[in-house]
Amino acid sequence: MRRKTISSADPGIFDYQNWVDKMATSSTALDWLLAMVNFEQFRTDLERPLLCEARGPGGRPAFDAVLMFKVLVLQRMYNLSDDQAEFQIRDRFSFQRFLGLTVADAMPDAKTIWKYREIWTKAGTVEACFILFRNELAKQGLVEHPGKIVD
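As a starting point, this report considers the structure included with it. What you see is a predicted model; the values in this text were computed from it and never measured.

Where helix α2 (residues 29-36) contacts helix α4 (residues 65-78), the axes come no closer than 13 Å and their chain directions differ by 130 degrees. Between α2 and α4, the angle falls in the class oblique. Seen along the crossing, α2 lies across α4 with a hand that is right-handed. Contact residues: α2 offers Leu30, Leu33 and Leu34, while α4 offers Lys70, Val73, Leu74, Met77 and Tyr78. Here the residues of the contact of α2 with α4 are counted per class, giving seven nonpolar, no polar and one charged.

Checked against the element boundaries, Arg43 lands in helix α3 (residues 43-52). Arg43 has contacts with Asp64, Ala65 and Val66, leaving out every residue within four places of it along the chain.

Conventions adopted
Residues numbered from 1 in each chain as written. Predicted model: local features only at pLDDT ≥ 70, side-chain atom pairs only at ≥ 80, totals over all residues. Heavy atoms only, no water. Axes fitted to C-alpha atoms, helices over the stretch in contact; angles between N-to-C directions. Helix = DSSP H or I, 4+ residues; strand = E, 2+ residues; numbered from the N terminus. Parallel < 35°, antiparallel > 145°, perpendicular 65-115°, else oblique. Left-handed = near helix turned anticlockwise from the far one by under 90°. Contact = heavy atoms within 4.5 Å. Nonpolar A, V, L, I, M, F, W, Y, C, P; charged D, E, K, R; others polar.

Now the structure itself:
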């Protein structure tokens with residue numbers, strides 16, 4: 001006979017919603033980053049190379065350019081591969097909140113992340129935007145290092 005432990009209790013009807021609500025109100029470094037950096041300032045530079053890539057009708061809609069740049073920021077901050085970035089975006093509420101996504105939204109997969117980075121790398125956009133990003137952090141008195149942000 002299997003013993004039931006406290007951790008394997010059947011969830012109540014509101015347990016999941018209560019957990020989601022608690023996670024939604026927990027503040028993280030990513031929330032602080034969103035408050036400190038205006039990511040919209042990158043939009044024009046990010047969208048310019050994407051306009052050249054536009055194809056005919058059909059296929060799924062493109063992801064927002066600023067959202068995809070934020071994915072690259074997450075990758076650099078947490079030293080994530082494309083596959084790990086895809087998994088962490090689906091797994092972490094803090095990443096979803098940083099990207100402006102909910103569990104009901106379409107989320108970028110590893111191939112999509114790779115595709116955007118490739119387009120921006122070829123155009124020289126990704127490094128130019130990261131220079132601006134580092135300048136924004138410096139204005140706040142922070143130094144960005146791959147894998148972490150330090151006061």
